[in-house]
Structure formats: structure tokens, C-alpha cells
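Results of the structural survey
Here are the chains, one letter per residue:
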Amino acid sequence: MEFYFRQCCSFKRDTIMEVSVMKQDPSKIKRKIARCLAILQKDFPDVQPSGKPTKFIFIGNAGLTTNADEVCITELITAIGPGLQAVTLVPGKSYSFASFSKDEEAMVIVSKANGLQTIRGCETPVYMSYVNKVPSVSSSVSYELPPGLELIEEFISPEEEALLLRLIAWDDQPNDKAEGSVLKHRQVRHFGYEFKYGTNSVDKDCPLVQGIPEELSPILDRIVEKRIMPEIPDQLTVNRYLAGQGIPPHVDTHCSFTDEVLSLSVGSGIMMDFRYAAGANAVNSEYPFHCAVYLKPRSLCAMKGSSRYEWTHGISPRMTDVTSGKGSDAGLVLCPRQERVSFTFRKIRHGDCQCGNHLVCDSPSVVQKDKLHERGKDPAISDMNGEDASRLEREHVLMVYDQIADHFSDTRHKPWPQVLEFVASLSPGSFLLDVGCGNGKYLGHNKSIFESGCDTSIELTRICKDRGFEVLNCNCLQLPYRSSLFDAVICIAVIHHLASEERRRAAVQEIARVLCQGGRGLIYVWALEQKRGKKKSAYLKQNKANRKDDSGAVARGSIAFKLEEDMTNSSNLPVHTNRTEFVEQDMLVPWKLKPQKQMEKENAVNKGMSNSNNLLDLECPNKTVEKVPVFHRFYHVFKQTELEDLCETVDGVSILKSYYDEGNWCVIFEKKS
């Protein structure tokens, strides 16, 4: 994506962190950049290296997959010299490009940075080369205002700004929790009504004793006089953001507030991200899907119409924003964040919303109509096979995981590399959903994005919450999120627990529904084929006999379980013998629950070991004669191309990549419409 910015704010070069300088052998630098250029040539053959200086610099080892972003690249370059006009990052790649207004400006950067200086957070120096041009990279990011958004600069005077900054005594605790609290990313105070962040709404029947402060009366009158709102607001939320803090993307509920939501910024500017969330059937091709808008201090941002109802708004948690300076030659400018206080004004709605967009509207009458419309599509309701599948999943998936949750979590420590690579490739400020998050082992790795997780197991969600993750309990067939909300969704080792093809398809449809247009999904399922040629999967290699020969002989005691120990096998499905090749696609897979003392003893050892990259990294054999319960989980293992075929039946989904990863079939897809 290419980062051009319309807004600006002042900035002193001495605020930039000092970049480290390293010395390297020139021949080593040449070898490194040659390797990077070879990768570039495969991706963009028409982008050629240049033997003489140009206005375009290729940075071979700083891209989205290395956790670089426009901020850290701009930090490096502007600390050396002027003239930077644009930074181009290619989704899913480890390189980037910098464009300058003059060849000479690019020469200064290459001479002082190539093989010598590092980007913040990286230990290796950057490797640079001149190229003939920057590739044309499709981007859904725009720096224009989203439709319906009005931005009024200098809405208040510097004197009024100083008054507002003194208005809240942030060190004092409110008398009532409803009046304010300390959230994960910021402090907050409420006036008139409590804004409930869990639902982005208010309780209309419980007004607060404390109304909007009298000191704000001149500003409220100005809002009505300038026809920004037709009536005086009656709800105010004040947020205090320290540098590096943000707020996840969200839409204030339609049924709670009227047509205008206003945000007044004081103290410091901020980049606010707007993302189109109206759903696939309401997509207008002339709209971008991500607008980045810089809100200057003392500016008023008025969200009306589409920007109010159909676009999420949020703030990425980072220390610095990048804007364009004044004048055509000013280039990109770094704006370090400082303490910012936002005053958000709303008017309570009485009655239903009349926005007319049933895809995003949350008014009760609209939601009820949608539920009646969708009910016939639920396989669990429409036929008996669906009911049988639902019962099987309840008995052999949900109830089992709730009972083995602690033991299961103790065997899940190390994330799988290719899933982490997908998460790391997401752009800063992206919103990621982990469907079937388990113990949360894929959450918390990319600090520049927002994350949410969900799981059908109450006990696993409890473990996630104990670890500090934002998760909720739900079924993957009915995700409680509005459409087109997330930039990326991962669903690892989940869909193979669904007992019918209709339900597996419905799960993919739900993932696609909550993805924004252009968003990517990653799905992993267990593969029927646990051998690829002569190579065995990590799952089979857990059987010591399989490490020696292909005879299939199994050492008794390592995987054999007695049926009389079974706690859950109430179906007629075949029971798989662990760590052997699969015979059936639909089966029950045993989980041998360890005694608590043995779990505690082995836990320290397991945490130091590298997990296999397999969906069932099962427990070590029990070396005692003590009988312990065995639980059986339902699995449908996928044949080659089955997952691809399933995804292709979902409207608006385009498969980007399909691959095999240590006994799992995997698909990365993009939501096109």
C-alpha cells in the first residue's frame, strides 16, 4: 500500500529515536542485496535494479512480514535527510520501497543507510538498491474523507482547548464505576449516560446523575448553531489517550444514538482509521475500504450518514503517525503522539434507526426480521441430519473440550510457524479474529494489530481471559460480529470438528461474512493423508515404531486404549488408534486425560519442548498402570482438495494459496465481494 497523506502537523527532528549504525563488509552487503533483488524479480519482473541513482529505493529486508511499517521506515529515512515522498509496502512481502522528489535525495539515504543503519526493532542493517520504478500495488487505503464525514479544523480556540485539558481530574477515581474507569488502552469518563464499550451502546433507562459539564455549554451551542447536530447532545464520553494507546475499530450502535456522532480532539493530533463495514451486498465500487484521516488538535470530526452507520472507526496503538508536510516539496513528516483527550458527543435515540441498511443496522425490529430470514439456512434447524450433527458435536466436541481444557492447554505452547507468518504479515492497525482460539496461542504476537478471539468451549475461553486476551464464548456457525468487520480471520483446527458438509460450509460462510472486502482468511484442517511421498507427518512420527520403519507396527502401551476406560463413546463411529494412519474420514479420536499430579510434573518439561506442527500434539504415554479416563473427540479429516472445493462453494471467496503443512490441509483466501 502506498502512504500519501493530506494532513500535517509540526514535528522536530530531535524527537526521532537515534538509529544505530553498523559496519559491514561491502562484499557481504552486495551478496545480501543480490538475494533480495532476486526475490523482487520473481514478484515484479518489470521492476529492474538501476546502476545509477534514481528517485526510487528498494529496501530488501524491511516489509510487512518483517513487522516493518511506514512509521519505522519514515523514522529511519527522515532522520538522515529530507525529500521522502512516499513509502510503499507490499502485502505479504519482506521488502518495501521509498520514493523521493529528487535523485540526489535518494543518494544521501543510500550512502548513509545501506548496510549501515537498522530500523527500530531490528538487529540487522537495511539493504538498499536503486530501482527504475515502484510497482503498482493495489490498495484499499485512501487518505480522503469517507462519505458523510465532516472535519472542521480549529473548531475551538487554544484557550478553550486549555480549559478542556484541565476539565477532568484524571488522578481522581469516580464515585461511581459507571461514570468512568481505566480501560486496557485508555482512561474514560462518562456524562449523561454510561457508554458501554462491551456493546457500544447505553442503557437508556439508567441516566447518570452527572450531566454534561456546564463549561462545555458554549461548545454545545456552537454545534447546534453551525447545524452540525440539530439538537444539544445529552451523552458525552471523554477518553484520555497516552502516547501509544488506541481503540479497536467499532461502530456506535444504531439503536442507541441518533444520526450524528462527534469527536473533538484536544492536546494532540491522531490518525483515525475508518473501514467500510456495510457488507458485501451493499459494496459501492467507488468507495475505498480503508480511509486514514488525521485529526488535528482542536478539530471536530463529525460522523454522519455512511461514515456514521457503515464505517468502523478506530485508532491504532502506536507512538508516531505519518502525515504530509505543507507544500508540494515537504514530503512525509513524522508526528510523535502526545497525550490526547477526545470529547465524543452523542444524542440518545428514542425509537428504531431509519438508516435503511439491514446488513449493519442493529435496531431490534431490523435484527428480528434478519433472524427470521436466516433461520431457514441453519442446517441444524432445517433437517434431522443437522440435528444429529449438532448432537454429535455437543457430546464429542464441546463437552469433551470443557473437561480436558486444562490438560489440552498444557500441550499447546509453541505456535505453528506458517500461521505466525500470516499473523505477522498483517498491516499495523488491522483487526484480526481467531475463530476457535483455544488457549490463545496465536494471540498477542503482533503488537501492532487489534485482536479478538472466540471459542465454543467455556473453559478454554476462561484460560484465554486469564492470560489477558479479549475473547468471548460462541459457536463458529453463528459468530456474534457485524458483517465486514475484520481485516483477517484465522480458523485453526476447528472446521474438522463439524459433523456435516453443510455445517462445514456454513462455518466458512460465517468467516467470509465477518471479513471486510479484501480481507484474508486462513483455515487449517487435519489431513487424511498423513504421508507425503515417503515423508511421514509429525503426528505419525510421535509413534516410535513409525520412526524406524513403514510396517505400521505399534508398541503396545504407547497408543492402545481399553474401551472400558472410555468416558464418552456413545456413538457407533469407529475409534481411531492414535499416531497411526487414518482409515476413515469420520471417526472418534481418543484423548487420554492425565492425572493432575502427572500433568504438573510433565508441564515444565512440555513447555521447554517444541510442539509438533500438527493438529493433535497428543499427550505422552502414561507409564503407570493407573486407569485414567479417555474422552473421544469427533473429527472429519479432509482429503486432498476437499478444503479448496469447500471454500470455492462460498460466494465472494477467492483462494490465494492452498498448501500442506505437517499433516494438515491449509487454505488462504480473500474476500472479493
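In this text the structure is predicted, and so the values were computed from the model without any measurement.

A few words now on the nonpolar core. Core analysis: the biggest nonpolar cluster contains 36 residues, and Leu433 and Ile523 have the highest contact counts within it. Mapped onto this core, the elements with two or more residues apiece are strand E19 (431-435), strand E20 (450-455), strand E22 (486-492), helix H12 (501-514), strand E23 (515-526), helix H16 (642-648) and strand E29 (664-671). Per-element accounting of this core gives the leading share, six residues, to H12. Among all residues touching leucine 433, those that are not within four sequence positions of it are Ser452, Gly453, Cys454, Leu479, Tyr481, Phe486, Ala488, Val489, Ile490 and Val514. Among the nonpolar cores identified, the runner-up in size contains 27 residues, and Ala62, Ala68, Leu84 and Val126 belong to it.

Residue placement: arginine 186 occurs in the loop between strand E7 (180-182) and strand E8 (187-191). Considering only alpha carbons, one finds arginine 186 and arginine 240, 54 residues apart in sequence, at a separation of 5.7 Å.

Take asparagine 578: it is sitting in the loop between helix H14 (544-548) and strand E26 (586-592). For asparagine 578, a relative accessible area of 1% translates into the label buried. Within the local environment of asparagine 578, its side chain forms a polar contact with the backbone oxygen of proline 590, the two atoms lying 3.4 Å apart.

This structure, assessed with the given rule, holds zero disulfides. Cysteine 476 forms no disulfide, and the closest cysteine sulfur to it belongs to cysteine 491, at a distance of 6.2 Å. Under the relative-accessibility criterion, cysteine 476 is labelled buried at 12%.

What follows is about the sheet that holds E29. Pairing within the open sheet is mixed, and its seven strands lie in the order E21-E20-E19-E22-E23-E29-E28. In the strand order of this sheet, the two ends are held by strand E21 (471-473) and strand E28 (653-660), each with one partner. Neighbour to neighbour, the strand axes of the sheet diverge by 15° on average, direction disregarded. Pairing of E20 with E21 involves three bridges; the strand directions are parallel. Residue pairing across strands places cysteine 454 opposite leucine 472, the latter belonging to E21. Sitting on the sheet, helix H11 (residues 458-466) touches E20 and E21, and the angle it makes with E21 is about 165°. Contacting E19, E22, E23, E28 and E29, H12 crosses the sheet at an angle of about 150° to E23.

Thresholds, definitions, all that
- For every chain, the first residue of its written sequence is number 1, and the numbers climb from 1 along that sequence.
- Restriction of local features to residues with pLDDT of at least 70 applies here, the model being predicted, together with a cutoff of 80 or more for giving and counting side-chain atom pairs; totals for whole chains, interfaces and linings are based on all residues.
- Neither water nor hydrogens contribute to the side-chain values; these are computed over all heavy atoms in the structure.
- Within this scheme, the nonpolar core is defined by two criteria: the residues are buried Ala, Val, Leu, Ile, Met, Phe, Trp, Tyr or Cys, and they are joined through side-chain atoms within 4.5 Å.
- Buried means the residue's accessible area, taken with a 1.4 Å probe over protein chains only, is under 20% of the maximum for its type, while exposed means over 50%, and partly exposed covers the values in between.
- Every helix listed is a DSSP run of H or I at least four residues long, and every strand listed is a run of E at least two residues long, numbered separately from the N terminus.
- For this analysis, residues touch if any pair of their heavy atoms sits within 4.5 Å.
- Any pair of N or O atoms that falls within 3.5 Å is considered a polar contact. Within protein, one atom must be able to donate a hydrogen and the other to accept it, and sequence-neighbouring residues count only if both atoms are side-chain atoms.
- The disulfide definition used here is simple: a pair of cysteine sulfur atoms within 2.5 Å.
- Paired strands, as defined in this entry, are two strands with at least two bridges between them according to DSSP.
- The axes used here are C-alpha line fits, helices contributing only the stretch in contact, and every angle between their N-to-C directions lies in the interval 0 to 180 degrees.

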